[in-house]
Amino acid sequence: MKVASEVSGNNVIEVKDLVKRFGDFIADDKLTFTVGKGQIFGLLGANGAGKTTAIRMLCGLLKPTSGYIKVAGYDGFTQSDKIKENIGYMSQKFSLYEDLTVWENIRFFGGIYGLWGKQLRERSEELLQNLGMDQHRDTPIADLPLGWKQRLAFSVAQIHKPAVIFLDEPTGGVDPIARKHFWELISKAAYSGTTVVVTTHYMDEAEYCNQIVIMVDGKIVANNTPLELKKEYQAKTMNDVFLRLAQSASRTE
Amino acid sequence: MKRSRFTDFVTKEYKHIWRDPRTLLIVIIMPVLQMLIFGYVVSNEIKNADVVIYDQSNDYLTNRLTQKLNASGYFRTRVLARKASDIGSAFRRGDAKIALVYPPNFAQNIKRLGHVNIQIITDASEPNTASILDSYARAVITSFMGEISGLGFSSSINIETQMLYNKEMKAAFMFVPGTMVLILMLITAMMTSISITKEKELGTMEILLVSPLKPSQIIIGKVLPYVALAFFNSLVILLMGYTVFGLPLRGNLALLLGVVFLFIILALSLGILISTLSKTQQVAMFMSMFALMLPTILLSGFIFPIENMPKVLQWLSLIMPPRWFLSALKTIMIKGQGLWYVWKEILILTGMIVVFLTISVKKFNIRLS
């Protein structure tokens, strides 16, 4: 595991005093953090803490109200199109098209991210080899086990080699062994230089992150490595840290 | 590169359609099936049809004709009418669908004048049945004429047919445009609303929205295959109507197809609107069923003539898109009129498209923020 202190000048995500309001409601209040290249960044918080809004702004889906936001070198206010081209996204449903085959799904998502021709073919083959699913290229997604779908969805989200990949509760509904395997994949992606932003409910998974931000009621209440956080709150596990911080929450969904 | 992205998207949409047997059944088999059902269900051979005889002579020739009718196997005397109004009441009760009226002094007139008139009255609310019964009765009377000329009467019988309830037999021309409306509503409005909500339900819509594809590209990519299919189906229906059911195509074909295309776009914008309002495929399906299919069948004038509706329903039919489409279709196809006679319908349909799409875009933006 790499350590957050290694973060150098080449930040992939830079956010300063970022605010999102919906009418009178302040969903995100003055968020400030940076994420370095190749880091695994965990965004934790109870429901209604403002995680989803933050992720949507980072993905270029939602315009912030005020503040400064830069993702993969592009401005979140004016260049959301550019941001979209340089990020990958995987939701908790690991959504793929069930009636299309493995190969067709890979090709389709490659296509919408602007890959084509020889490049698309080569990248798709490479992805299939890395997954070890070569024999199942013509299998419809509906016939794959859940763990495989999850791994495929993760790879497909990276088909265009994005600078950042967003994982929204990526291990929901998967058994512990598959979860562990999946985290190995995440570490591998980070090691090869892709920045990973992940939200999760499983506190044991938070231990795998290089950097943790915990949100309560739209504000950031902690931003550090898991090790430092545990030290600071004199807790044995990340779960204890989280419980101590989240107890003060007044907002729920 | 943009084009290739979009092409990929449309290709994917086609695959969804070809791989789902239910979808395939609806978009390919059903139009043809409905066309055949509407066309043929009522036109099977008829045997032992109940007939009302209003015999004002009751002589040996008319008795012989009645016997001949009963012996033909096609007819069975159900009511012997005493007065003309008995025919109408027999029709209203549903006792018979055809009546034969023999004039007074039948045998005498044949001998003296050399000709008589027989009147055939049919209940044309079921136009196919009515015309079949009419032709059967004519055949029997004609052969009866041959028989009596063999007996030495050189005379002729004039047959005069009167259609009750539907003088122009227009229902025969109704089911082709009507089927077209149903199919277009089903394929474009219902199928698009379901296929868009399906992506929402499965979470793939989220992935698409995060991708560099623009929301407009996503929506157009999703609906394009359905536009093509709906247009193809319209052509099949028109062709079948023309070849199998003898529907006239009197007006300008380009204008006709233009109006069809306009209605496809309208049905599509309705489908998009429904998809922005519903979260699951089931909701989308029920909304399409109740908000689109039933009014289409009941209030568009497809099955029940608008003129016979209560005033309130007549007003309601004014906001039903199929009503205007049907009206334009009939004006062009059957009456053979040009643009000058359908500009009002075209304007109304276009206005409806603008309204539905505006609401959809508003709804879509609200959901995004």
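See the structure printed just above.
The sections below set out a description of the structure shown in this document. Keep in mind the model is a prediction, meaning the values are calculated, not measured.

Attention now moves to the overall build of chain B. Scanning chain B from terminus to terminus reveals 14 helices and five strands. Residues counted as buried form 50% of the 369 residues belonging to chain B. Of all intrachain contacts in chain B linking residues separated by at least 6 positions in sequence, the fraction that spans at least 24 positions is 78%. With an accessible surface of roughly 17500 Å², chain B has 64% of that area assigned to carbon and sulfur atoms.

Next up on the list: the pattern of salt bridges. Scanning the entire structure with this criterion turns up 24 salt bridges over all chains. Across the salt bridge formed by Lys180 of chain A and Glu184 of chain A, the nearest N and O atoms sit 3.7 Å from each other. Residue Lys180 of chain A and its partner Glu184 of chain A are located together in helix 6 (residues 176-191), separated by four residues, close to a single helical turn. Close ionic contact of Asp86 of chain B with Lys83 of chain B constitutes a salt bridge, the shortest N to O distance being 3.2 Å. Since its relative accessible area comes to 16%, Asp86 of chain B is described here as buried. One network of salt bridges, in which partners are shared, links Lys12, Glu13, Glu199 and Lys222 of chain B.

This part covers the packing of aromatic side chains. Within this structure, the stated rule accounts for eleven aromatic pairs over all chains. Pairing Tyr97 of chain A with Phe108 of chain A gives two aromatic rings, centres 5.5 Å apart and planes at 80 degrees, and the pair type is edge-to-face. Here Phe108 of chain A lies in helix 3 (residues 102-112) and Tyr97 of chain A lies in the loop between strand 6 (87-90) and helix 3, a separation of eleven residues in the sequence. Pairing Phe108 of chain A with Phe9 of chain B gives two aromatic rings, centres 5.7 Å apart and planes at 50 degrees, and the pair type is tilted. Of this pair, Phe108 of chain A sits in helix 3 while Phe9 of chain B is found in helix 1 (residues 2-19), placing the two residues in two different chains. Under the relative-accessibility criterion, Phe108 of chain A is labelled buried at 4%.

Taken residue by residue, the interface counts 26 residues in chain B and 28 residues in chain A. With both chains or domains summed, chain B and chain A bury close to 2500 Å², and 61% of this area falls on carbon and sulfur atoms. At the boundary of chain B with chain A, the tally comes to two salt bridges. The closest approach of N and O atoms between Arg19 of chain B and Glu104 of chain A, which form a salt bridge, is 2.5 Å. At the junction of chain B and chain A, the tally comes to ten residue pairs in polar contact (both at pLDDT 80 or more).

It is worth spelling out helix 11 (residues 281-299) of chain B at this point. Residues and elements named next belong to chain B. Taking 1.5 Å per residue as the helical rise, helix 11 with its 19 residues ought to reach 27 Å, and the 26 Å between its terminal C-alpha atoms agrees with that figure. At Met289, helix 11 shows its maximal bend, which comes to roughly 30 degrees. Of all the positions in helix 11, only Ala284, Ser288, Leu292, Met293, Pro295, Thr296 and Leu299 are classed as buried. Backbone geometry just downstream of helix 11 places Gly301 in the positive-phi region, at approximately 90 degrees.

Grouped burial of nonpolar side chains is what soluble globular proteins tend to show. Among the nonpolar cores identified, the biggest contains 148 residues, and Ile13, Phe33, Leu152, Phe166, Ile214 and Met238 of chain A together with Phe325 of chain B are the most heavily contacted of them. In this structure, Val51, Tyr102, Ile141 and Phe144 of chain B belong to the second largest nonpolar core, which totals 25 residues.

Time to look at helix 3 (residues 60-71) of chain B. Residues and elements named next belong to chain B. Taking 1.5 Å of rise per residue, twelve residues should cover 16 Å, and helix 3 covers 16 Å from first to last C-alpha, within 8% of that figure. Those residues of helix 3 that sit buried are Leu61, Thr62, Leu65, Thr66 and Leu69. With its buried residues spanning 140 degrees around the axis, helix 3 presents them on a single face. With respect to the buried face of helix 3, the exposed residues turned more than 90 degrees away are Gln67 and Ala71. Sitting at the head of helix 3, Asp59 places a side-chain oxygen 3.2 Å from the backbone nitrogen of Leu61.

Calculation criteria
Residues numbered from 1 in each chain as written. Chains lettered and ligands numbered in written order. Predicted model: local features only at pLDDT ≥ 70, side-chain atom pairs only at ≥ 80, totals over all residues. Heavy atoms only, no water. Helix = DSSP H or I, 4+ residues; strand = E, 2+ residues; numbered from the N terminus. Buried < 20%, exposed > 50% of the residue type's maximum accessible area, 1.4 Å probe, protein only. Contact = heavy atoms within 4.5 Å. Areas by Shrake-Rupley, 256 points an atom, 1.4 Å probe, with all protein chains shown as cover. Salt bridge = Lys/Arg side-chain N within 4 Å of Asp/Glu carboxyl O. Phe/Tyr/Trp six-rings, centres within 6.5 Å; stacked < 30°, edge-to-face > 60°. Buried area = accessible area lost by both parts, 1.4 Å probe. Polar contact = N/O pair within 3.5 Å; in protein donor to acceptor, adjacent residues only side chain to side chain. Expected span 1.5 Å × (residues − 1). Bend = angle between axes of the 7 residues up to and from the residue. Core = buried A, V, L, I, M, F, W, Y, C linked by side-chain atoms within 4.5 Å. Arc of directions from axis to C-beta.

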